[in-house]
Amino acid sequence: MEKLKNYIHGEWVEGNGNGIPLYNAVTGEQVAVSDTEGLNFEQALDYGRTVGYKNLSSMTFYDRGEMLKKVALYLLERKKKYYELSYKTGATHIDSWVDIEGGFGTFFTYSGLAKRMLPNTPFWVDGDTQKISANGTFLATHILTPSEGVSVQINAYNFPVWGMLEKLSTSLLAGVPSIIKPSPFGSYLTNAVFQDMIESGILPEGAVQLVCGEPGNILDYVQDGDSVLFTGSATTGRKLKSLPSIAGNAVRFNMEADSLNCSILGLDAKPGTPEFDLFIKEVRNEMTTKAGQKCTAIRRIIVPENLIGDVQNALSKALDQTKIGNPLSRETRMGSLVGKQQYDEVLRKINLLKAETELVYDGQHELVDANYENGAFMSPKLFLNDRPFEKNISHDVEAFGPVSTLMPYKDAEEAAALAKRGKGSLVGSIISHDDNFVAETSWKMASQHGRIFVLNRDNAKESTGHGSPLPTLMHGGPGRAGGGEEMGGLSGLHFFLQKTAIQGSPDTLTAITRMYQQGAEKKFSDKHPFQKYFEEVEVGDSLETAGRTVTDADIVNFSNVSWDHFYAHTDATSLTGTIFDKTVAHGYFILSAAAGLFVSGKKGPVIANYGLENCSFFKPVYAGDTITVYLTAKEKINRGVKGRNIPSGVVKWLVEVVNQRDEVVCVATILTLVAKQSPFIDLNLKNIQKVLNGLTETTPPNWGKMSPQQMIEHLEHGVLVSLGEPEAEKCFTPEEQLEKWQDSLYNHRKMPKDFPAPFLADDEKLLELKHKNLETAKQSFLDNLKRFIIYYKENPQAEHMNFVFGKLNKEMWELMHKKHFTHHFEQFGLMI
C-alpha cells in the first residue's frame, strides 16, 4: 500500500515506521498509509526559519498576493483529481466543493485584498503618524514585519483542503513559512493538493513543508518567534497550549476548537412564515453537510416553547427526505463520517446525550449504493432537552456528526441565556423577521460568540449560510471555541506580524516607511509630478504652485454654482458671535481652487482622480487672502488591474494650502490613478524609423524562422488588415474566448514567442515576399503605418476584423500594433 510522503527541508521523505492505515470512508478499502516515523522535525523547523523565512520575508506584500493567485489558478486547473479523492473521505460533491474550491477561493480573496490594500514593500505601515513634539520635528508610527520564525499548522480531518489553505492564505501573505500537519484521516487529499503546490514552482524554497501523519515531538522544537495554529478539540488544544516549549518560549498560539453552536428561531417565526421554512432548511443543512462534521454545525436548536412540536415534526420530515449513501451517486445528499474511528467516537457522545435527553429522531435511512457495515455511515439524530436550564449535557457534550438537540425558550432573555450556555461558540444564528428581537438577542449573546448570523426573507437569496466562514470575516470564538481568530480579512495577518513603534524626525520616518511625512524634505524638479508615470514618481516629489488671490466674486460665484448658501459665506450681517470676521470662502472652494493650481492641464500619465482622504480646514480664508499650494507625493500603491483597465497604480498626494502669512489653511490627501509605463513601442513614426535603421538583411532572429524582410512584410500586412485592406474574413478564436483575448491587449504582458499565427498554413509556411528588398519593404511599412494613423484620426469609429482578436476599434488596433511591433522588433534584437 502506498505510503504518503512528507515534504520537509526541501525533499520528499518517507517515514520508516508502520504508519497509520487510511481507509475509504465509503467502502472500507485501504487507500494509503501515513507515516512520520524517523523524520527530523528539528531540522524541518530550522529549515523553515532560515531558508523559508529569508525567501518569503524578502518578498513584498503585493508580490505575495500575486503568488497566492498563481497557486490558486494552478490548483484550480487540476481540481478534478482532488474531487475523486475527496469522495473517499465520505464527502458529497457539494461537501467537496466547499472544501476544495472554498480553499482556492480563500487564496483568491487574500490575493485580491493584498493587491488592493497592501503595500509593495516587505513591511506594512500600520495606522497614522503621531506628532509627539510641539514643532513636529519628532514623530512616531508603527510598522508590521513578518515574525521571524516558522508557523506549525495543525489541522482537523473534516476539511483536508480548506483547513490547510485558509491558514496558509494569511501566513504566506504575511511572509511567514509554514509546516502543515493535517489529520492523518483524509491526509491523502491534503497530500495531493500539496504536491501540486510544490510542483507548480510558484512558492519560494522553504515556504511550506508537509508532515502527513502523527505530529510526533514536533512541538518540542518550537521557540520564540514561531507560532502554532491548532484546529481540533478544545481538550487537545488546551494540552498543546500548556506545553513547556509553547508556554515557556512565548510561542504564539491560536486555537480554533469545535463548539456547541446554536440557532435560534424567533418568536415571530411561526409555521407558514418564510422564516420558519428557512430555519428548518438551515438546521437540516447544518446537520447533514459533511455529515455534521463541521466546527460551525448547529448543535443546539433553540425554539419558542410553543413551537417545539412543529419544529420537531418539520425537521424530522426534512431529514427523512435527505438520502444518505455513496457520494458518487447523484441521489446522495449526505455522505459518511470520515472513518470508523470517528464513528465510534460520535456514538460514544450520543450515548452520553441519551443519559439526560430524549432521542426523538433516529432515522435509520436505507443507504444509496453503500452499506453500514463497510462504510462509516450514520443517520441523523435529533435529541430533545425539555429543561435546558437544568439538564446541562446538551451544553457540555458535542457529538461531532449529524447530531443536534432541540430545546425550548420563553423570551429573548432566555434565548440569549441558552445561547451563552455553550461557554463560547464559533457562530450562533438567529432566524427572525423581528428586528427588535434580533437586536436584543444578538447583543446579549455576542460576548460568547465569534460570529452572529441573522437570516430572514430579506437576505435569504444571497445568504452564505450559518456554517460558512468567510475570508473577510473573523473565524474563531471565545471560551470553548478556543479564543482564537483566523482570517478576518487583513486583520488575520496580524497574528504572524511583529508590530514595532518607530520614532524619529520627519525625514527619518519618510526613509523608513517610504511614505512622505509632513515636515520632511521636499524634492522639487522642473517636470510636473503629474507628467510622471507611476514608476517615475518618487515619494517626496513636490510642486509649489503660483498664488491665487481669493475675491468676493469667487465666494459669490461658488455659492451660486454649488447652491451652498450657508450664512457664513453669503450674509455678513449674521456673523456676530461666530468665529468669522467677514464672509468666508467655502472650504470646498479652497480645495477646488487648490486643484486648479496644482493640476497639469496637459495630457499625461495621470488617468483620473481616485479619491480624497483626511481633508481638514484649519483657518478661514477671506476675500483678499492669497493661497499657495504645496503638492507632495506621499505614498505609492501598486494596483492589480483586470479587463480593459489601463495598467496603473495609485499615488497619494499630500496637499498643503497656505495663505500669504504661510499659515496652513487646509490639508488633504488626494488619490490619483497613474498609468504605468508601457513596455511596448509607441506608434511614433520617427521612433519606429530609428528602430528599423538597425535592421539589415543579415540580422539574425533570436527565435523563429522569419527573415528580416519577412518580418517587416508580416507587420505591414497586419497594418493593412487594420485598414480593412483586405478585410479579414474570419476570426480564428472561439467566440466564448474572444473577450478574454481582447482584454489581453490592455495588459502589459508580452506576446508569447511560440504563438502559432492561425492564418499561416499548417506547414508553417512563411509569408511570400512582395517587395524587391528590405529597404523597399521598410519604406512601404512606414508609409502604411502613416496611413493607419491618419485613417483612424479621420474615422475614429471605424472597426475591422483581426484574425486572432476579432473586430477591433481604433484603441484596440493601436494596442495590438504596439504589442505586435515590439514582439517582432525584440525577435530581431532591435529594442534594448
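Attention here is on the structure that accompanies the text. (Residues numbered from 1 in each chain as written. Predicted model: local features only at pLDDT ≥ 70, side-chain atom pairs only at ≥ 80, totals over all residues. Heavy atoms only, no water.)

So, the overall build of the protein chain
Within the protein chain, the regular secondary structure consists of 23 helices and 31 strands. Taking the principal axes of its C-alpha atoms as reference, the protein chain extends roughly 90 × 90 × 60 Å. Put simply, the protein chain has 832 residues, and 54% of those count as buried. Here the analysis covers contacts within the protein chain between residues at least 6 apart in sequence; of these, 76% occur between residues at least 24 apart. Total accessible area on the protein chain stands at roughly 37,100 Å², and carbon and sulfur atoms take up 49% of it. Between the mean site of the 86 positive side-chain charges and the mean site of the 101 negative ones, the protein chain shows a separation of 1 Å. (Helix = DSSP H or I, 4+ residues; strand = E, 2+ residues; numbered from the N terminus. Buried < 20%, exposed > 50% of the residue type's maximum accessible area, 1.4 Å probe, protein only. Contact = heavy atoms within 4.5 Å. Areas by Shrake-Rupley, 256 points an atom, 1.4 Å probe, with all protein chains shown as cover. Lys, Arg positive; Asp, Glu negative; His and termini not counted. Charge placed at Lys NZ, Arg CZ, Asp CG, Glu CD.)

With respect to the pairing of strand S11 (residues 227–232)
Burial analysis of S11 places six of its six residues in the buried class, the great majority of the element. The side-chain alternation of S11 yields two buried faces, one formed by Ser-227, Leu-229 and Thr-231 and the other by Val-228, Phe-230 and Gly-232. Bridge count for strand S8 (residues 151–154) against S11 is four bridges, and the pairing is parallel. Paired with Ser-151 across the strands is Ser-227, a residue of S11. Here S11 pairs with strand S12 (residues 252–257) via six bridges, running parallel. Of the residues in S12, the one forming a bridge with Phe-230 is Met-255. (Pairing = 2+ DSSP bridges.)

Notes on the sheet that holds strand S22 (residues 497–504)
Judged by pairing direction, the sheet is antiparallel, and its three strands sit side by side in the order S6-S7-S22 without closing on themselves. Both outer strands of the open sheet, strand S6 (124–131) and S22, are each paired with one neighbouring strand and no more. Here the strands of the sheet are splayed against their neighbours by 20 degrees on average, with no regard to which way each runs. The sheet contact formed by strand S7 (residues 139–146) and S22 spans eight bridges and is antiparallel. Among the inter-strand pairings, Ile-143 is bridged to a residue of S22, identified as Thr-500. (Axes fitted to C-alpha atoms, helices over the stretch in contact; angles between N-to-C directions.)

Describing unusual backbone geometry
Look at the link from Glu-725 to Pro-726: it is a cis peptide, with omega at 0 degrees. As for its position among the elements, Pro-726 is in the loop between helix H20 (708–722) and helix H21 (735–744). With a phi close to 65 degrees, Trp-563 is a non-glycine residue in the positive phi region. Judged by relative accessible area, which is 72%, Trp-563 ranks as exposed. A positive phi angle, close to 60 degrees, is found at Asp-662, a residue other than glycine. Of note, Asp-662 is situated in the loop between strand S28 (648–658) and strand S29 (664–675).

Let's talk about the pattern of salt bridges
A side chain of one charge can pair with a side chain of the opposite charge if their charged atoms are brought near each other. Overall, the coordinates contain 36 salt bridges when judged by the stated rule. For Arg-348, the salt bridge goes to Glu-345, with nearest N and O atoms at 2.8 Å. Linking Arg-348 with Glu-345, this pair stays in helix H11 (residues 340–354), spanning three residues, or about one helical turn. Linking Lys-778 and Glu-775 is a salt bridge whose minimum nitrogen-to-oxygen distance equals 3.3 Å. Here the residue Lys-778 and the residue Glu-775 both occupy positions in helix H22 (residues 774–794), the gap between them amounting to three residues, near one helical turn. Taking relative accessible area as the criterion, Lys-778 reaches 6% and is therefore assigned buried. Overlapping salt bridges, with partners in common, bring together Asp-386, Arg-387, Glu-390 and Lys-391 in one network. (Salt bridge = Lys/Arg side-chain N within 4 Å of Asp/Glu carboxyl O.)

Concerning the packing of helix H13 (residues 412–420) against helix H14 (residues 435–445)
It is the contact of H13 with H14, at a shortest axis distance of 9 Å, that shows an interaxial angle of 35 degrees. Between H13 and H14 the crossing geometry is right-handed. For the pair formed by H13 and H14, the contact residues are Ala-412, Glu-413, Ala-415, Ala-416, Ala-419 and Lys-420 on the first element and Phe-437, Glu-440, Thr-441, Lys-444 and Met-445 on the second. Along the lines of polarity and charge, the residues of the contact of H13 with H14 split into six nonpolar, one polar and four charged. (Left-handed = near helix turned anticlockwise from the far one by under 90°. Nonpolar A, V, L, I, M, F, W, Y, C, P; charged D, E, K, R; others polar.)

Focus: the packing of aromatic side chains
Scanning the model with the defined rule gives 20 aromatic pairs in all. Each ring, one from Trp-12 and one from Phe-194, has its centre 6.1 Å from the other, and the planes form 85 degrees; the classification is edge-to-face. Linking Trp-12 in strand S3 (residues 11–13) with Phe-194 in helix H6 (residues 187–199), this pair joins segments that are 182 residues apart in sequence. Accessibility expressed as a relative area gives 0% for Phe-194, which makes it buried. Three or more aromatic residues joined by ring pairs form one cluster here, namely Tyr-7, Trp-12 and Phe-194. Over the aromatic face of Phe-534 sits the side chain of Lys-636, whose NZ or CZ is 4.7 Å from the ring centroid. Directly above the ring of Phe-732 sits Lys-730, whose terminal nitrogen or CZ lies 4.6 Å from the centroid. (Phe/Tyr/Trp six-rings, centres within 6.5 Å; stacked < 30°, edge-to-face > 60°. Lys NZ or Arg CZ within 6 Å of the ring centre and 35° of its normal.)

Focus on the sheet that holds strand S1 (residues 3–4)
Pairing is mixed in the open sheet, where three strands are placed in the order S1-S5-S4. At either margin of the open sheet sits one strand with a lone partner, and together these are S1 and strand S4 (20–23). Across four bridges, the pairing between S4 and strand S5 (residues 30–34) is antiparallel. Along S5, the bridge assignment pairs Tyr-23 with Gln-30.

A closer look at the side chain of Thr-36
Assignment of secondary structure puts Thr-36 in the loop between S5 and helix H1 (41–57). The class of Thr-36 is buried, set by a relative accessible area of 10%. Those residues in contact with Thr-36 that sit more than four places away from it in its chain are Asn-6, Phe-41, Val-211, Cys-212, Gly-213 and Glu-214.

Observations concerning H13
Taken residue by residue, H13 has Ala-412, Ala-415, Ala-416, Leu-418 and Ala-419 as its buried positions. Down the axis of H13, the buried side of the element spans an arc of 160 degrees, and every buried residue falls inside it. Next to the buried residues of H13 lie strand S13 (261–265), strand S14 (298–304), helix H12 (393–396), strand S17 (403–409) and H14. (Arc of directions from axis to C-beta.)

Let's talk about the state of the cysteines
What the rule picks out here adds up to zero disulfides. In this structure Cys-262 is not part of a disulfide, and its nearest cysteine sulfur, from Cys-295, lies 15 Å away. (Disulfide = S-S within 2.5 Å.)

Some words on the environment of Lys-603
Relative to the elements of secondary structure, Lys-603 occurs in the loop between helix H18 (587–598) and strand S26 (606–617). Taking relative accessible area as the criterion, Lys-603 reaches 80% and is therefore assigned exposed. Separated by 124 residues in sequence, Lys-603 and Glu-727 place their C-alpha atoms 34 Å apart.

Let's talk about a nonpolar patch on the surface
Among the surface-exposed residues, Ile-94, Trp-97 and Val-98 lie close enough to one another that they form a single nonpolar patch of about 310 Å² accessible area. Along the chain, Val-98 turns up in helix H4 (residues 93–117). The exposure class of Val-98 is partly exposed, given its relative accessible area of 34%. (Patch = residues over 30% accessible without salt bridge, like charges linked within 9 Å, V, L, I, M, F, W, Y side chains within 5 Å.)

Structural notes on the nonpolar core
Looking at soluble globular proteins, one finds that nonpolar side chains tend to be buried together. With 55 residues, the main nonpolar core has Leu-168, Leu-172, Met-197 and Leu-493 as its most contacted residues. Elements with a contribution of two residues or more to this core: S4, S5, helix H2 (61–76), helix H3 (79–86), H4, helix H5 (162–174), H6 and strand S10 (208–210). With near-sequence residues (within four places) excluded, Met-197 lies in contact with Val-71, Leu-75, Met-164, Leu-165, Leu-168 and Leu-203. Membership of the second largest hydrophobic core comes to 39 residues, among which are Ile-681, Val-691, Phe-788 and Trp-813. (Core = buried A, V, L, I, M, F, W, Y, C linked by side-chain atoms within 4.5 Å.)

Brief notes about the packing of H2 against H4
In the contact formed by H2 and H4, the axes pass within 8 Å of each other and the chain directions differ by 155 degrees. Of the possible angle classes, the one that applies to H2 and H4 is roughly antiparallel. The hand of the H2/H4 crossing is left-handed. Residue-level contacts link Phe-61, Tyr-62, Gly-65, Glu-66, Leu-68, Lys-69, Val-71, Ala-72, Leu-73, Leu-75 and Leu-76 of H2 to Glu-101, Phe-104, Phe-107, Phe-108, Tyr-110, Ser-111, Ala-114 and Lys-115 of H4. For the contact of H2 with H4, the class distribution of residues is 13 nonpolar, two polar and four charged. (Parallel < 35°, antiparallel > 145°, perpendicular 65-115°, else oblique.)

Bear in mind that shape data such as this cannot, by itself, settle questions of function.
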